[in-house]
Amino acid sequence: MTIWEMLAVFAAGISAGTINTIVGSGTLITFPVLLATGLPPVTATVSNALGLIPGSISGAIGYRAELTGQRSRVLRLSIAAAIGGISGAVLLLMLPSTAFETIVPVLVALALVLVILQPRITKAVQRRRERNGTPTHPDGGPLLFVGLMLASVYGGYFTAAQGIIYLSLMGMLLDDSLQRLNAVKNVLAAVVNSIAALFFLFVADFEWTAVVLLAVGSALGGQLGARIGLRLPPTALRVLIVAVGTVAIVQLLLR
């Protein structure tokens, strides 16, 4: 890597750590930057997964106050995240690279759609709760467990926008504040990234310079994201994610 590429990866790590802590989708920033340095898609993905672990942990620590009283919920849902994460990691390495390059643009596009529709999903969930007037299961029940496990398969495979998917599922099935759900989301993301990266350590090739730069940058970004919280205008953040994600899709299609 050149010095400019290293600076770009480090800056992307800070941005991803910040955005992942606040809402998710930081991979939509780091992944295209890693591709721009010349890394193959699979190497970029596994390096990204390992490099963003400190950011997920840092963000979870920053949200530790909101995790109070959620130990049982976090432990139960972390099991689902771990099962899904390792399954997604295996799937990534089992599929041929050509299949991966074909699937990723579709996954990124899906992630962008979720980012755009998030406000509507939230409002729809709120209206549904008001109409039903029935209490939800404190841990979301089997439906949330299975839903998060499937979302974590996607997370172990690519990670982009997994936080958005987690928040959407938990928002529909848990009766709790967005801040507390966001705290759980940060823990689940850390679990998925860690379990997938641990598997990759034994079977995949990493770009270690990128991993270190992402790790340091995302750890700083995690603390920054925890401090900013929801102060950042959602619309501005959503526009940024969509813009960067669109660039990623274009880059992937032109490779």
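Residues numbered from 1 in each chain as written. Predicted model: local features only at pLDDT ≥ 70, side-chain atom pairs only at ≥ 80, totals over all residues. Heavy atoms only, no water.

A. Main features of the overall build of the protein chain. Scanning the protein chain for helices and strands turns up eleven helices and zero strands. Put simply, the protein chain runs from its N terminus to its C terminus through helices and strands in the order α-α-α-α-α-α-α-α-α-α-α. Of the contacts made within the protein chain by residues no fewer than 6 positions apart, 85% connect residues no fewer than 24 positions apart. When the accessible area of the protein chain is evaluated, it comes to approximately 11500 Å², of which 69% is carbon and sulfur surface. (Helix = DSSP H or I, 4+ residues; strand = E, 2+ residues; numbered from the N terminus. Contact = heavy atoms within 4.5 Å. Areas by Shrake-Rupley, 256 points an atom, 1.4 Å probe, with all protein chains shown as cover.)

B. Main features of the packing of helix α4 (residues 53–62) against helix α9 (residues 178–203). Closest axis-to-axis distance for the α4/α9 pair is 8 Å, and the angle between their directions is 155 degrees. In terms of their interaxial angle, α4 and α9 are classed as roughly antiparallel. Between α4 and α9 the crossing geometry is left-handed. Along the contact surface, α4 presents Ile-53, Ser-56, Ile-57, Gly-59 and Ala-60, while α9 presents Asn-186, Val-187, Ala-189, Ala-190, Asn-193, Ser-194 and Ala-197. Among the residues making up the contact of α4 with α9, the classes are represented as seven nonpolar, five polar and no charged. (Axes fitted to C-alpha atoms, helices over the stretch in contact; angles between N-to-C directions. Parallel < 35°, antiparallel > 145°, perpendicular 65-115°, else oblique. Left-handed = near helix turned anticlockwise from the far one by under 90°. Nonpolar A, V, L, I, M, F, W, Y, C, P; charged D, E, K, R; others polar.)

C. Fine view of the nonpolar core. Counting residues in each nonpolar core, the largest one holds 49 residues, and the members touching the most others are Leu-144, Leu-148, Met-170 and Phe-200. Looking at which element gives the most residues to this core, the answer is α9, with eight residues. (Core = buried A, V, L, I, M, F, W, Y, C linked by side-chain atoms within 4.5 Å. Buried < 20%, exposed > 50% of the residue type's maximum accessible area, 1.4 Å probe, protein only.)

D. Quick look at helix α7 (residues 141–157). For α7, which comprises 17 residues, the first-to-last C-alpha distance of 25 Å matches the rise-based estimate of 24 Å (1.5 Å per residue) to within 8%. Among the residues of α7, those classed as buried are Gly-141, Leu-144, Phe-145, Gly-147, Leu-148, Ala-151, Ser-152, Tyr-154, Gly-155, Gly-156 and Tyr-157. In the segment just after α7, Thr-159 is the residue with positive phi, at about 80 degrees. (Expected span 1.5 Å × (residues − 1).)

E. Quick peek at the environment of Ser-72. Structurally, Ser-72 can be placed in helix α5 (residues 71–94). For the pair Ser-72 and Asp-139, spaced 67 residues apart in sequence, the C-alpha separation works out to 8.0 Å.

F. Seen up close, a nonpolar patch on the surface. Together, Leu-93, Leu-198, Leu-201, Phe-202, Val-203 and Trp-208 make up an exposed nonpolar region whose accessible area comes to about 620 Å². Counting residues per element, the nonpolar patch draws most heavily on α9, at four residues. When you line up the elements, Trp-208 lands in helix α10 (residues 208–228). Here Trp-208 falls in the partly exposed class, since its relative accessible area comes to 47%. (Patch = residues over 30% accessible without salt bridge, like charges linked within 9 Å, V, L, I, M, F, W, Y side chains within 5 Å. Salt bridge = Lys/Arg side-chain N within 4 Å of Asp/Glu carboxyl O.)

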